[in-house]
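# Fold and geometry: a report
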Amino acid sequence: MSIVSVLKGIAKKSKTLRVLMRTTMYSSKKLLYLWKGIGIKVDEKTVVFSAYNGRSYVCSPKAVYEYMLHQKQYDEYRFVWLFDNPDRYQYLMNNPNTIVVKNGSRECERYLQEAKYWIFNFRAYDHWIPKKSQVYVQCWHGTPLKRLGYDITNSDNAMNSVKEIREKYRTDAKRFSYILSPCKFVTEKFASAWNLKETGKIKAILETGYPRNDFLNIYSQDDVLRIKEKLGLSNESRKIILYAPTWRDNQYDAKKGYVYDNPVNFAYLQEELGKEYVILFRAHYLVADHFDFEQYKGFVQDVSKYDDINELYVVSDLLITDYSSVFFDYAILRRPMLFYMYDMEAYRDEMRGFYLNIDDLPGPIIKTEVELAEAVHQTAATGVAVNKIEKFNHEYNLMNDGKAAMRLTEKVFLNMDE
């Protein structure tokens, strides 16, 4: 057992020790970061991108980057991508003015200190402190169903108390220049989740829509064929189900980190659905390393490490999820959705709590596997509830219209207002 695993195990059991360890580590890293940045000038045309703290090439940072690549006014800009595994993304360096670096390295931190713009979709590491002249854009990574930050009043999170969660959001709010929103609902929730009135950041919210969702409005049939080929589904005649559950705050292992106790009997679903459907299983990135579907080969394909979930959306005929924000994005496609909420009461009351009334979800709530299989067959017969999905999109996806990256860059880089 490694020292890190031992310390994590102790920290899980002792809040006092956990807070002390984090405070000490944060203070030392912050001082070192600031010291190393002394004398480094900010370059007005350098942009740093990071998705999920270096885990992948996805989401709004990807969409903003690719939009800028195709706009002449950014031809002289330098683009820097931070990755935990930069070797996997060396191909990006074939693009103009693009650099790929190791996340957390000295080179990474130098670019952070030098870049005028940070485009992230997740909370930056606490010790990365932008200078007053730098612009940190918090794109975030979805419209929330479950409560965030300061809105969490009761948490069964294995590694963070409510107070600690709020502190993380407060730290981020003090640093970012902008945070993106796709609608008034999200603007309201983000204002409270990040406690933006207290930090004086209410005006930092930009209702531009999420650039990550532009692709869902502009993808082509060629894209669908390309993605199916990549997934090995070019000759698949069965319909495709995307099953994308979220993680559980209270499922944690000192050695592995957050885990997910899979509640689905895939053998039963294979028997009931296997002739007509294939399942793409997409776990949350925090628990993506803990699954083995070899026994269901030909029926379940694990796509948890597939970078861009947008590509999985457009090739699927049906979404099954629980409390993940994926359904807000998937609704743009106007396709059927099922909500497999076998632990709804516990999740709602003991962990996060919800922002939405569950009756407003754009699909039926399922509690058992038998009901789930029946609902899949029923959905095949009836399709999507058009009126309900249109009403849902009008409420939550009005700005997710394929032009969000354009609106963001015009505001942030060109100082243009609508």
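Below: a short report on this structure.

Conventions adopted
- Residues numbered from 1 in each chain as written.
- Predicted model: local features only at pLDDT ≥ 70, side-chain atom pairs only at ≥ 80, totals over all residues.
- Heavy atoms only, no water.
- Helix = DSSP H or I, 4+ residues; strand = E, 2+ residues; numbered from the N terminus.
- Buried < 20%, exposed > 50% of the residue type's maximum accessible area, 1.4 Å probe, protein only.
- Contact = heavy atoms within 4.5 Å.
- Patch = residues over 30% accessible without salt bridge, like charges linked within 9 Å, V, L, I, M, F, W, Y side chains within 5 Å.
- Areas by Shrake-Rupley, 256 points an atom, 1.4 Å probe, with all protein chains shown as cover.
- Salt bridge = Lys/Arg side-chain N within 4 Å of Asp/Glu carboxyl O.
- Lys, Arg positive; Asp, Glu negative; His and termini not counted.
- Charge placed at Lys NZ, Arg CZ, Asp CG, Glu CD.
- Axes fitted to C-alpha atoms, helices over the stretch in contact; angles between N-to-C directions.
- Parallel < 35°, antiparallel > 145°, perpendicular 65-115°, else oblique.
- Nonpolar A, V, L, I, M, F, W, Y, C, P; charged D, E, K, R; others polar.
- Phe/Tyr/Trp six-rings, centres within 6.5 Å; stacked < 30°, edge-to-face > 60°.
- Lys NZ or Arg CZ within 6 Å of the ring centre and 35° of its normal.

### Re the overall build of the protein chain
- Assigned secondary structure in the protein chain consists of 16 helices and 15 strands.
- Split into buried and exposed, the 418 residues of the protein chain put 55% on the buried side.
- In the protein chain, of all internal contacts separated by at least 6 residues, the share reaching a separation of at least 24 is 69%.

### A closer look at a negative patch on the surface
- The grouping of Glu-271, Glu-272, Glu-371 and Glu-374 at the surface amounts to a negative patch.
- Of all the secondary-structure elements, those providing two or more residues to the negative patch are helix H10 (266-273) and helix H14 (369-382).
- Its location among the elements puts Glu-271 in helix H10.

### Some words on the pattern of salt bridges
- For the structure shown, the criterion picks out 18 salt bridges.
- We note a salt bridge from Asp-308 to Lys-62, for which the minimum N-O separation is 2.8 Å. Of the two residues, Asp-308 sits in the loop between strand E12 (300-302) and helix H11 (309-315) while Lys-62 sits in helix H3 (residues 59-69), which places them 246 residues apart along the sequence.
- Judged by relative accessible area, which is 11%, Asp-308 ranks as buried.
- Using a relative accessible area of 14% as the deciding quantity, one classes Lys-62 as buried.
- The partner of Arg-334 in a salt bridge is Glu-390, with the nearest N and O atoms 2.7 Å apart. On the criterion of sequence distance, the pair formed by Arg-334 in the loop between helix H12 (326-330) and strand E14 (337-340) and Glu-390 in helix H15 (residues 386-396) is long-range, its members being 56 residues apart.
- Look at Glu-390 and you get partly exposed, because its relative accessible area is 35%.

### Quick word on the packing of H3 against helix H16 (residues 404-412)
- Packing of H3 against H16 brings their axes to within 9 Å, and their N-to-C directions diverge by 75°. Put simply, H3 runs roughly perpendicular to H16. Every residue of H16 that contacts H3 at Ala-63, Val-64, Tyr-67 and Met-68 is listed here: Ala-405, Met-406, Leu-408 and Thr-409.
- A class-by-class count of the residues in the contact of H3 with H16 yields seven nonpolar, one polar and no charged.

### Considerations on the packing of aromatic side chains
- The tally for this structure, following the rule as stated, stands at 45 aromatic pairs.
- Aromatic pair Tyr-340 and Tyr-342: ring centres 5.4 Å apart, planes at 50°, arrangement tilted.
- A residue is classified by how much of its surface remains accessible, and Tyr-342, at 26% relative accessible area, is partly exposed.
- Aromatic ring contacts, followed pair by pair, group Tyr-52, Trp-118, Phe-120, Phe-122, Tyr-125, Trp-128, Tyr-136, Trp-140, Tyr-169, Phe-176, Phe-190 and Trp-194 into a single cluster.
- Above the ring of Tyr-169, the side-chain terminus of Arg-123 is found at 5.9 Å from the ring centroid.

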